[in-house]
Amino acid sequence: MKTNQLLIIVMFLVGILASCGAGSNQKNNMEKRTQVKLETTQGDIVVAGMERFRGGDPIVKRVIATEGQEVYINPDDNCVYVDGIKLDESYLAPFTVTLARATPNPITVPEGCVYLMGDNRGMSRDGRDIGCVDVRRLIGKGIYKLSELLQNWLNFAELFLFSTEALRQNKE
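Residues numbered from 1 in each chain as written. Predicted model: local features only at pLDDT ≥ 70, side-chain atom pairs only at ≥ 80, totals over all residues. Heavy atoms only, no water.

J.: Can you help me understand empty space enclosed by the protein in this one?
T.: A water-sized probe rolled over the atoms picks out the places where empty space is left. Taken as a whole, this structure holds one cavity of 30 Å³ or more when the rule is applied. The volume enclosed by the largest cavity comes to roughly 40 Å³. Along its surface, the largest cavity is lined by Val71, Ile73, Ala100, Arg101, Thr103, Pro104, Asn105, Ile107, Tyr115 and Arg128. Here the lining of the largest cavity is built from residues that sort into six nonpolar, two polar and two charged. (1 Å grid on protein atoms, 1.4 Å probe; cavity = no way out; pocket = protein on both sides within 12 Å on 5 of 7 lines; lining within 4 Å. Points joined across faces, edges and corners; volume = space filled by probe spheres on them. Nonpolar A, V, L, I, M, F, W, Y, C, P; charged D, E, K, R; others polar.)

J.: Mind showing me how you'd approach unusual backbone geometry here?
T.: Most of the time, phi is negative for any residue but glycine, and the peptide bond is trans. The omega torsion of the bond from Asn105 to Pro106 falls at 5°, within 30 degrees of zero and hence cis. Residues other than glycine seldom take positive phi values, yet Asp83 does so here, at roughly 50°. For Asp83, the position within the fold is in the loop between β4 (79-82) and β5 (85-86). Looking at Asp83, the relative accessible area reads 43%, which means it is partly exposed. Even without being a glycine, Phe95 presents a positive backbone phi close to 65°. Residue position: Phe95 is located in the loop between β5 and β6 (107-108). (Helix = DSSP H or I, 4+ residues; strand = E, 2+ residues; numbered from the N terminus. Buried < 20%, exposed > 50% of the residue type's maximum accessible area, 1.4 Å probe, protein only.)

J.: Sorry if this is basic, but what is going on with the pattern of salt bridges here?
T.: Once their charged atoms are close, side chains differing in charge can pair, the charge on each being opposite to the other. The final tally for this structure, using the stated rule, is six salt bridges. Note that Glu89 and Arg121 form a salt bridge whose closest N and O atoms lie 2.6 Å from each other. Separated by 32 residues along the polypeptide, Glu89 in the loop between β5 and β6 and Arg121 in the loop between β7 (113-117) and α3 (127-130) bring together distant segments of the chain. Of the two residues, Glu89 and Arg121, neither departs from the other in class, the shared state being buried. One salt bridge in this structure joins Asp126 and Arg128, with 2.9 Å as the shortest N-O distance. (Salt bridge = Lys/Arg side-chain N within 4 Å of Asp/Glu carboxyl O.)

This is the structure:
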């Protein structure tokens, strides 16, 4: 399984657990809380709560552009350009084609918004369909790659197993 897929699964599960774990009192408090602006930069993977996506379920997408930037999907090479510069999208699967869709092309990201796209461009419902997303809709962002976390855990587990095996052999 690819790193991006693992990260998306973990972020999705965290979003589900967070939404399922809140009782009615907590939900009332969450609705009353002051909205905090989540700081994002181009390339961040974020979780957004949007009514227009899958009945309001949280979605995980990549920030392609932030406020004031212009996004253009070039129909000649099917690549994404931000402020005239072609994005290095090495995280996409080989031979991925990015097609423009329903939103204006190019589109300038308004103040207080971001332009989001999924990494699975052929199947992703994203900024190409609904346009820019208000940053107040962002409920989280990826801060650690699961593969690195998993690799650190596996290294620790291997060290622990090796250490216990050495201790057992010394006792015999």
